[in-house]
Amino acid sequence: MTSVGFDLDMTLADTRSGIAAVYDEVSVRLGVPIDSKAIIARLGPPLERELANWLPAEAIPAAATLFREIYPEVAVPAHTAMAGAREAIELVRARGGKVIVVTGKNVRDATSTVMTLDFEVDEVVGSVFGAAKGSALARFGAAAYVGDHVADIEAARAGGAASVTVATGPYTVEELRAHGTDVALTDLTEFAGWFAGWRSPHEVG
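Conventions used here
- Residues numbered from 1 in each chain as written.
- Predicted model: local features only at pLDDT ≥ 70, side-chain atom pairs only at ≥ 80, totals over all residues.
- Heavy atoms only, no water.
- Axes fitted to C-alpha atoms, helices over the stretch in contact; angles between N-to-C directions.
- Helix = DSSP H or I, 4+ residues; strand = E, 2+ residues; numbered from the N terminus.
- Parallel < 35°, antiparallel > 145°, perpendicular 65-115°, else oblique.
- Left-handed = near helix turned anticlockwise from the far one by under 90°.
- Contact = heavy atoms within 4.5 Å.
- Buried < 20%, exposed > 50% of the residue type's maximum accessible area, 1.4 Å probe, protein only.
- Pairing = 2+ DSSP bridges.

A. Geometry of the packing of helix α1 (residues 16-30) against helix α4 (residues 60-74). The interhelical angle for the contact between α1 and α4, taken along N-to-C directions, is 130°, at an axis separation of 9 Å. By the angle class used here, α1 and α4 are oblique. Between α1 and α4 lies a crossing of right-handed hand. Facing α1, whose interface residues are Ile19, Ala21, Val22, Tyr23, Glu25, Val26, Arg29 and Leu30, α4 presents Ala63, Leu66, Phe67, Ile70, Tyr71 and Val74.

B. A look at helix α8 (residues 150-158). Burial in α8 covers these residues: Val150, Ala151, Asp152, Ile153, Ala155 and Ala156. If you follow the buried residues of α8, they end up packed against α7 (134-140), β6 (144-147), β7 (162-166) and α9 (173-178). One or two steps after α8, the chain reaches Gly160, where phi turns positive at roughly 70°.

C. Spotlight on the sheet that holds strand β5 (residues 123-125). The strand order β5-β4-β1-β6-β7-β8 describes an open sheet built from six strands, whose pairing is parallel. One side of each edge strand has no neighbouring strand; the edge strands of this open sheet are β5 and β8 (183-185). Taken pair by pair, the neighbouring strands of this sheet meet at an average axis angle of 20°, ignoring direction. Across three bridges, strand β4 (residues 99-102) lies against β5 in parallel orientation. Considered in β5, the bridge of Ile100 is made with Glu123.

Here it is as structure tokens:
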């Protein structure tokens, strides 16, 4: 079985406008300047880590709570599927594999996003970043993990999966290759061409 894990933000889902709108609202409510354009250009790290760029440590928990209160109504409806995302999921399933989404986004908002975009996945794991994603990938038996961030390369390594990256986030194809990804694609529209010729260790064995 060729099961595959996918990151969510800027891999399967274009969440930039929705996330920017939430940060803008948080900025207004807290009276603190937050550059949402800068934030959405580097999506990937956990919410609290990003908020630390704009707020003192003691203010971060309340700001994170406010962000998550606003997110379902403001952000989720604005999310759209990345080009090739649905097709990539369908290809994995057509080959007998299962699909897991492993993301830094909390489970509630990740699940809502997956449901809103009508992605047919088997499991959603949230609130994990970088190598911390590895345990979920290993438990699920994912033979490959697809993401857009260099931390997703670490995730794949930690989970014993092939690292497949797409240059739809903050890194170029060349930068992803320099960071050691096994496969670097321009976007998920190229996934089919790669997947058609790939055989996972599970299949080979």
